[in-house]
Amino acid sequence: MKKRINVLSEVAFIIFFMLFNNGFIVAQPNEKQVKQVVDAASKSSNKTIAGLTEDKATIEKEYLEKARHNIEAYRKSDAVLVFVDAKNNPLENVKVEINQVSQDFRFGNLAFEMVNESDNLYKADLFRERFKALFNFAIFPFYWSAYESSPGKPQWQKNQPVLDWCLANGITCKGHPLGWTGQYGTPKWLLDLPEETATELYKARIYNNVIGYKGKIDVWDVVNEPVNTIPWEDALNDKSNNDGIRYNVDKYKTGQFAPWIEKSYKWAYDANPEGHYILNEYFTLAIPEVRDRFYELLKELKKRNTPIGGIGIQAHEPREMWFSPVEMYKTFDLYSEFNLPIHITEFIPQSAGKDITGWRTGKWTEETQAEFAEQFYTLAFGHPSIASITWWGLSDRKIWLEGGGLIDKEYNPKPVYTRLMKLIKEDWMTKNVIVSTDSNGKATFRGFFGNYKVVVTKANGDKQTLNVHLTEKGTNYWKFDL
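Residues numbered from 1 in each chain as written. Predicted model: local features only at pLDDT ≥ 70, side-chain atom pairs only at ≥ 80, totals over all residues. Heavy atoms only, no water.

> Help me understand the sheet that holds strand S19 (residues 477-481) in this model?
Strands belonging to one sheet form pairs held by backbone hydrogen bonds; the direction of such a pair is parallel or antiparallel. Here we have three strands laid out as an open sheet, ordered S16-S3-S19, and mixed in their pairing. The sheet is open, and its two borders are formed by strand S16 (442-448) and S19, each paired with just one other strand. Strand after strand, the sheet turns through a mean of 25° between neighbouring axes, direction not considered. Bridging between strand S3 (residues 76-84) and S16 involves seven bridges; their strand directions are antiparallel. Along S16, the bridge assignment pairs Asp78 with Arg446. (Pairing = 2+ DSSP bridges. Helix = DSSP H or I, 4+ residues; strand = E, 2+ residues; numbered from the N terminus. Axes fitted to C-alpha atoms, helices over the stretch in contact; angles between N-to-C directions.)

> Whenever I open this one, helix H13 (residues 325-336) confuses me. Can you help?
Over its 12 residues, H13 extends 16 Å from the first C-alpha to the last, a length consistent with the 16 Å expected when each residue adds 1.5 Å. Burial runs high along H13: 10 of the 12 residues are buried. Residues Pro325, Val326, Glu327, Met328, Tyr329, Thr331, Phe332, Leu334, Tyr335 and Ser336 constitute the buried set of H13. Looking at the buried side of H13, the elements it contacts are helix H2 (56-74), helix H12 (288-303), strand S10 (310-315), strand S12 (342-347), helix H14 (366-381) and strand S14 (386-391). Near the N-terminus of H13, the side chain that reaches the backbone nitrogen of Val326, with its oxygen 3.0 Å away, is that of Ser324. (Expected span 1.5 Å × (residues − 1). Buried < 20%, exposed > 50% of the residue type's maximum accessible area, 1.4 Å probe, protein only. Contact = heavy atoms within 4.5 Å. Polar contact = N/O pair within 3.5 Å; in protein donor to acceptor, adjacent residues only side chain to side chain.)

> I keep staring at the packing of helix H8 (residues 195-212) against helix H11 (residues 254-271) and nothing clicks. Help me out?
For any two helices packed against each other, the geometry is given by the interaxial angle and the distance between the axes. For the pair H8 and H11, the least separation of the axes is 8 Å and the interaxial angle reads 35°. Here H8 and H11 pass one another in a crossing that is right-handed. Of the residues in H11, those in contact with Thr199, Tyr202, Lys203, Ile206, Tyr207, Val210 and Ile211 of H8 are Trp260, Ser264, Trp267, Ala268, Asp270 and Ala271. Of the residues contributing to the contact of H8 with H11, the split by class is nine nonpolar, two polar and two charged. (Left-handed = near helix turned anticlockwise from the far one by under 90°. Nonpolar A, V, L, I, M, F, W, Y, C, P; charged D, E, K, R; others polar.)

> How should I be thinking about the layout of surface pockets in this particular structure?
Over the atoms a probe the size of a water molecule is rolled, and this reveals where empty space is left. In this structure, the largest pocket occupies an estimated 570 Å³ of space. Along the wall of the largest pocket there are 23 residues; nearest its centre are Arg75, Asp104, Phe105, Ala387 and Glu472. Tallied by class, the residues present in the lining of the largest pocket amount to 11 nonpolar, seven polar and five charged. The computed volume of the second largest pocket comes to approximately 340 Å³. Along the walls of the second largest pocket sit 16 residues, with Ser102, Asn136, Asn169, Gly170 and Ile171 positioned nearest its centre. Top element by residues in the lining of the second largest pocket is strand S4 (residues 95-103). It accounts for three residues. Among the residues making up the lining of the second largest pocket, the classes are represented as five nonpolar, seven polar and four charged. (1 Å grid on protein atoms, 1.4 Å probe; cavity = no way out; pocket = protein on both sides within 12 Å on 5 of 7 lines; lining within 4 Å. Points joined across faces, edges and corners; volume = space filled by probe spheres on them.)

> Just to check I follow, could you spell out the packing of H2 against H13 for this structure?
In contact at an axis separation of 10 Å, H2 and H13 are set at 40° when each is read in the N-to-C sense. One way to sum up the angle between H2 and H13 is to call them oblique. Of the residues in H13, those in contact with Ile59, Glu60, Tyr63, Lys66 and Ala67 of H2 are Pro325, Val326 and Tyr329. Taken together, the residues of the contact of H2 with H13 sort by class into six nonpolar, no polar and two charged. (Parallel < 35°, antiparallel > 145°, perpendicular 65-115°, else oblique.)

> Just to check I follow, could you spell out the pairing of S19 for this structure?
Two faces make up the sheet, and in a regular strand the side chains alternate between them. Alternating residues of S19 divide into Trp478 and Phe480, all buried, and Tyr477, Lys479 and Asp481, none buried. As paired elements, S3 and S19 share five bridges and run parallel to each other. The partner of Val84 across the bridge, within S19, is Asp481.

> How do you make sense of the environment of Asp408 when you look at a structure like this?
On the secondary structure map, Asp408 appears in the loop between S14 and helix H15 (415-427). You can call Asp408 partly exposed: its relative accessible area is 23%. For the pair Asp408 and Lys398, spaced 10 residues apart in sequence, the C-alpha separation works out to 9.6 Å. Here Asp408 is in contact with Ser395, Asp396 and Lys414, once residues within four sequence places are set aside. Separated by 2.9 Å, the side chain of Asp408 and the backbone nitrogen of Glu410 make a polar contact.

Quick look at the structure:
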C-alpha cells in the first residue's frame, strides 16, 4: 500500500452537513470546512495542490494541445463506405453526404428538477428544449431517504414520466446513488431496525431498482463517496444519523471500507450482469491524499474481483477551485491503470462573484465560468479514459451552488451554455461532409463516434438515405447495394 498522510488528522474535528436545497441533496462539507481540509492537506504534504513554479499559461497551452491531439486520435475513427450495383459492380462518382446525428460519448446533466417539480416545472417545454439540445445523458435521484421516505413506498412514479421522455429523445439514464452512508443514504426508519434486517433491505433495494429499471436505467452510481464516509455497519450503529460521524473517517484503513462496497456491487451485478456500475468519489482532483486513498480502495476491490464498471470523479470540491490541468491529468492517469472508464460525475463551476481559488485567481463571473468549463471539458474529453462529463444542474432558477447553472432563471443561455454548445454540437460532431466514390465505389471519411445519416445521390439523381454507427471498437466498414 502506498504511504499516505491522513489529511483529516490535521483538522481537530470536521463536521460535514447535509441539507435539501431546491431539490438537491448536499453531501459535502461547507465552504469553511473545505478550506480547513485543503489547508491541512497543503501543510501536511510536500505535493502542491495548485501552485507551480512554471508559467501557468504555458502549461495550460501544453495540456490543451495534448488534449486536442488526443481528441483527434482517440475520439474519432476512419470509416469506409463502399457502394455497388445489383451485380456487385462498384459505383463511381456517387455523391455521399455524411452527417452525425448522435454521439456515443455521454454529456450529462441532472433530471432532478424535472422529477422533483413534476407538473409544476417552470416553463417546462423550454426547460426540456434546453436540456435535450445539449445533453444525451440524464441523472435521476435515488437518495434513499427521499426516494423511500416511508418504508415499502418507493416514489418510482415521480421518475416515470421523465424517464419516458428521456428514452423517447435518445437520452441515456443513470441512477444516483444506490448505496451511501451519508445521512440521506440511510433513512431514519432503517436505523430503527436490527442491523441484519437493515442490510437485507439494502440488498433488496439494490435488486429491486436494478431489476425494476433494467433496460431503462442500466447505469448506476452504486456506492457514493466510499472513502469519505464510514462503512455500512458503522453507519447502522449510528442511530442518531449524525453527519459529523458519517464523514469522520480518520480512524479507518482501506480494507475496512471494502467489504460492504464489494457486496453492493456483486448484488447489482447479480441483478443485471449487463449493467454499468460506477464507484463515485470527491476531492480526488484537489487533495492528493484522498486521491491515493481512493486508488488504494480500487486496488483492494479489484483483488476481490468486485464487478465495478466505472470510476466516478466528482469535480466540484473545493467549490471555488479552478482545477490544475496537471492535477487533473495526474488523477486521470492514476485511475487509468484499472482499465475502467472514468466518469466526471458532478461538475458545477459557478458565476456568483466569489473568489477563484486554486490554479487561477480572480472572480467567478459568467465569463470565467464559461472559460473554465471550456478548458475543463476539453481536457476531460481529451483524455482517452474519460467516458462521460455531467454538469450538476441546468438552471440558476433551481441550482445547488448559486450561479452554477448553464442557463439563467428565465432559461436564457449563459455564456457557458453557448460555449459548450459549440464544443459539443459543432466542434465534436462530424457534419456536412461531402465526398464522392472512387473507381472502386469507395468513399472514406474520419468522424467522431456516434450515429450517422448518409444520403447517397446516384448518377440519375435518385437519393437514398442510409444509417451507420461509427464505433470505437468496430471495423467501421460498410458495403451497400444501391
